[in-house]
Each structure stands twice: as C-alpha cells, then as structure tokens.
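# Structural features, examined
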Amino acid sequence: MTLLIRNGRVIDPAADFDSAADVLVEDGKISKVMPKIEETADQQINAEGCFVMPGFIDLHVHLRDPGFERKETVVTGAAAAARGGYTTIVAMPNTKPVVDNADVVNYVHNKAKNMTKVNILQAGAITKKMEGTQLADIARMVQAGSPAISEDGKSVMNAYLLREAMKLAQQLDIPILSHCEDRNLLNGGVVNDDENARKNGLPGISNSVEDVIAIRDVLLAEDTGAKLHLCHCSTKESVEIIKIAKYKNVRISAEVCPHHFTLTSDDMIQGDTNYKMNPPLRTKEDVEALRQGLKDNVIDVIATDHAPHTKDDKNDSMLRAPFGIIGLETAAALTYTELVLGGYLTPMQMAEKMSRNPARVIGIDKGSLEPGKTADLVIFDPNKTYTIDASKFASKSRNTPFDGRKVTGAVRATIAGGEIIYQANEQ
C-alpha cells in the first residue's frame, strides 16, 4: 500500500527540515521526502498550502475507560484524537478500576489495538488505587507497555513514597508525570484566587497550590536522578522553577495546555462550569509567562489534559461541578491561532512541542518524518478560518469553553501507520 502526499510544506523538527516537498509512504513507513516525487501511488493527497508535520502526540488525555464510559471511551477518544491530528496519546490512570496493575494496562492496550488506529499508551498510577499510601505494581505495568507513571488528578502527598517511586522510575528509565497540587493548600478552591473569585463569592486556588509541589518534585528529581515531567503548568512561578531546574541539569520537562495559554480568569462567564478546570484559569501575567516559556523553550510540550464530562456532570454549580474540559479537537487550532499567529512560536516550534518533544519525554521512536520511520503524519491547513462547533466533535463530551470561538488552522488529514484515519469533508 502506497500513499503520496504532494505539494505540502514539510516541517520535521527531527531533521530540522522545513521546505516544500512531497512525501511517499510505503507499507506504513516513510519512504521518501523529496522536492518532487514522480512515482504513482495507491492513494494521493494534495497538500498544497498545508503543513505536513509528524503526527501530534498528546501526553495528557483522560479516556475514562474503564469505568466512566458514559463520558468517553477508548474508541470515541481515539476518534477525537484523529480529528485533532493526534496519532499517539497517553491515557491517564484515574479510571475505575484505577490503572495500578498490568491487567488494566493490558485491557486498554488490547482494546485500542483491536478497535482504533490511534496509538494509545496507558500510563500507570504511582500508588495503589491512587490512595497515596502504597506503591502500585510499577515494574509490571512498565513491562506491559506503560511509558510513564502518574497520579494525575492529585499529587502523591507523601514525599517519602514519591521519592521511592522516583528511584524506581529512574531504574526503569521512565518519566513521572506530575500533577502539582498541594492538597492542604487547595482548601476547597474552585477558581483562581483573585478579584473575580472574591466578587463571585467562590473559594480560590492560589498559585502556591501548584508552586509548592512543583518545587518539592524538582528537588526529589534532582535527588534521585529521575525524569520529571510537570503537567499542565499554569503559573508564572512554575516557568521560573522549570528554568532554574534546567539550569541545574535536573532531568525535567514540562507542558502547558491551550486553555492555560489562551484564557484568563477575566474571560470566565459567571456560572459557566465549562470554565472550571484544575489548575484554574489564571491571570494575564501568568498567561504571558506561559507563552514566553513556550517561546523560549523553557516549556517543552503542549498537551491537552482532555477531560470529558457529560452535560449532566457539568450542569451544576461552580462549587460542585467536576473540574476539566475537553481539548483534543481544538488544541492544534488554538496553538496556531494564539501562538504561531500571535508571534510566540514558529511552525517548526509548533511541531516540536506537539510531536517531537512529547516523543522524547516518553522515549518513543516517533515525532519524525525521516525515511524509515513509522508514517504518522498530520496535514494541517494554516489558512482556514472557522468557528469551533462543539456539536460536531467526535468526543462523547462537549464540555469546552471554546464552542463558538473563531480560530485559524484546521487538520485536513491524519495518517497513522501509513493509513488515513481522518480526512476533513472538504478534501
């Protein structure tokens, strides 16, 4: 089976390549990348006016499967990923049952292999049942294919236990994906701790809730030599913490989500729980620091923290509704609109932070269009301007504050293992 992608602008961070070229795919692998390929192929895509980049990789997705399939499943989450240009996603372990053993890892991996074309990797929990009292069966989960461990949705508050997990992660050469949140400082907060919270009578979440744990986890990573990845950074202080840690050669990487580099607490609509996420939307100063952190390569990765909830779940007060929004189908457009058109990132940096760098964090041989590599690609139209319509999402859920937002940049096609797994209707 052969596929020829013609007339695109090929952007490949792994090869430092940014030029007009054709791409030939044979038997699921990249065969040639050349200015003009004259060969015939079983399928062709005209990518004129579009970027051809390595398939996006999302290190932070909640598939809700097993246990919460009313919100999302492996199948619907994979469909949303494909529409968003993602060919690989990492699923978080806060399911029911918790992914704290190899059996649950195998369940997700087998379901993904049999029912989707997206490469789904299941992260393991750090502690049993995510209760923070005893380490999970980390070694066997890694043997089953877990590329990382995480307690996402909370922090392991017992520093000794986390240090033991880091020592084991260092031996296994996997990263710890850290959700930085001091449970004791959280104190029932639901939005950013600022004037908007006080005006609306809502308990706030201060920057220190994130920053205290970020500092602790950096110190533990420095102590153990473990690879630490800070999830969904939201504060200006986090950017400084990462910068200092990198200066000290701590093995650290970090991500920021589109909602955190796009929206501030001033943008929230009172009572609309689609603006409730954790960490919360912060101030303009925080957003600018995150954008600069991405621009300066202090922050390595853009991830979604795709967190689906049903309409009934979110149809509650700001105090009681669950945290989280979906993001797989809006991330690329928001990144291009806010960061590339906004002058913070080049298209090459966009590909680095959405594909090449995530692959490096979890140590997989992806994020490259070099000949011989698996043919995971995204064709992205940087000229299409449109209005986000959540009713057309492939995800089961619709909980997004970006419904109705005008953006520029659309995924025209997603190719995984040489197979077209999504193609926009206008193609």
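Heads up: these notes are all about the structure in this document. (Residues numbered from 1 in each chain as written. Predicted model: local features only at pLDDT ≥ 70, side-chain atom pairs only at ≥ 80, totals over all residues. Heavy atoms only, no water.)

This next bit is on helix α13 (residues 347-362). Taking 1.5 Å as the rise per residue, α13 with 16 residues should run 22 Å; its terminal C-alpha atoms sit 22 Å apart, in good agreement. Bending of α13 peaks at approximately 45 degrees at the position of K353. With 13 of its 16 residues buried, α13 lies for the most part within the structure. Positive phi appears at G363, one or two residues downstream of α13, with a value of about 70 degrees. (Helix = DSSP H or I, 4+ residues; strand = E, 2+ residues; numbered from the N terminus. Expected span 1.5 Å × (residues − 1). Bend = angle between axes of the 7 residues up to and from the residue. Buried < 20%, exposed > 50% of the residue type's maximum accessible area, 1.4 Å probe, protein only.)

A large share of helix α1 (residues 74-83) lies buried, amounting to seven of its 10 residues. Turning to α1, its buried residues number three or more, namely V74, T76, G77, A78, A80, A81 and A82. Tucked into the core, α1 has its buried residues touching β7 (86-91), α2 (102-115), β8 (119-122), β18 (406-416) and β19 (419-423). For α1, the N-terminal cap is T73; the gap from its side-chain oxygen to the backbone nitrogen of V75 is 3.2 Å. Looking at the residues trailing α1, positive phi occurs at G85, about 90 degrees. (Contact = heavy atoms within 4.5 Å. Polar contact = N/O pair within 3.5 Å; in protein donor to acceptor, adjacent residues only side chain to side chain.)

Let us look at the nonpolar core. In terms of nonpolar packing, the biggest core is built from 78 residues, with M53, I89, I120, I176, L230 and M350 touching the most fellow members. Setting aside its immediate chain neighbours within four residues, I89 contacts D58, V61, L63, A81, V118, N119, I120, L121 and L328. I45, V52, A375 and I415 belong to the second-largest nonpolar core, a separate cluster that totals 17 residues. (Core = buried A, V, L, I, M, F, W, Y, C linked by side-chain atoms within 4.5 Å.)

Within strand β6 (residues 56-61), six of the six residues are buried, leaving the element largely enclosed by the surrounding structure. Sheet topology note: the β6/β7 ladder contains four bridges and is parallel. In the sheet register, I57 faces β7, and the bridge partner there is T88. Between the parallel elements β6 and β7, the chain passes through α1 in a crossover that is right-handed. (Pairing = 2+ DSSP bridges. Right-handed = clockwise from strand over helix to strand, strands pointing away.)

Let's shift gears to the packing of aromatic side chains. Applying the stated criterion to the full structure yields four aromatic pairs. Ring geometry for F51 and Y336: centres 6.1 Å apart, planes at 65 degrees, overall edge-to-face. With F51 in strand β5 (residues 51-54) and Y336 in helix α12 (residues 331-340), this pair connects stretches of sequence that are 285 residues apart. On the basis of relative accessibility, which here comes to 5%, the residue F51 falls in the buried class. One aromatic cluster in this structure is built from F51, Y336 and F380. (Phe/Tyr/Trp six-rings, centres within 6.5 Å; stacked < 30°, edge-to-face > 60°.)

What follows covers the side chain of E338. Position of E338 among the secondary structure elements: in helix α12. Residue class for E338 comes out buried when judged on its relative accessible area of 15%. Discounting residues that sit within four places of it in the chain, E338 has contacts with F261, T262, R291, Y344 and R405.

Our focus in this paragraph is the sheet that holds strand β16 (residues 301-302). In sheet architecture, strand pairing relies on hydrogen bonds along the backbone and comes in two forms, parallel and antiparallel. In spatial order, the strands read β9-β10-β11-β14-β15-β16; together these six strands make up an open sheet with parallel pairing. Every other strand in the sheet has two partners, leaving β9 (124-125) and β16 as the edge strands with one partner each. Alignment of strand β11 (residues 175-178) against strand β14 (residues 227-230), held across four bridges, turns out to be parallel. Its bridge partner lying in β14, S178 is registered against L230.

Let us now look at the pairing of strand β15 (residues 252-256). β15 sits mainly inside the fold: five of its five residues count as buried. Covered by surrounding structure in β15 are I252, A254 and V256 together with S253 and E255, the residues of both alternating faces. In terms of strand pairing, β14 meets β15 through three bridges, oriented parallel. Within the sheet, the bridge partner assigned to L228 lies in β15 and is I252. Note that the unit made of β14, helix α8 (residues 236-247) and β15 has a crossover that is right-handed.

The description of two packed helices rests on the angle between their axes and on the distance between the axes. Interaxial distance between α8 and helix α10 (residues 284-295) falls to 7 Å at its minimum, and their mutual angle equals 30 degrees. In terms of their interaxial angle, α8 and α10 are classed as roughly parallel. For the pair formed by α8 and α10, the contact residues are K236, E237 and V239 on the first element and E285, D286, A289, L290 and G293 on the second. Here the residues of the contact of α8 with α10 sort into three nonpolar, one polar and four charged. (Axes fitted to C-alpha atoms, helices over the stretch in contact; angles between N-to-C directions. Parallel < 35°, antiparallel > 145°, perpendicular 65-115°, else oblique. Nonpolar A, V, L, I, M, F, W, Y, C, P; charged D, E, K, R; others polar.)

Within the secondary structure layout, S234 lies in the loop between β14 and α8. A C-alpha to C-alpha distance of 9.3 Å links S234 and N278, two positions 44 residues apart in sequence. When neighbours within four sequence positions are excluded, S234 is seen to be in contact with E210, H260, P279, P280, R282, D286 and L290. A distance of 2.5 Å separates the side chain of S234 from the side chain of E210, its partner in a polar contact.

These figures come from the coordinates and say nothing about function on their own.
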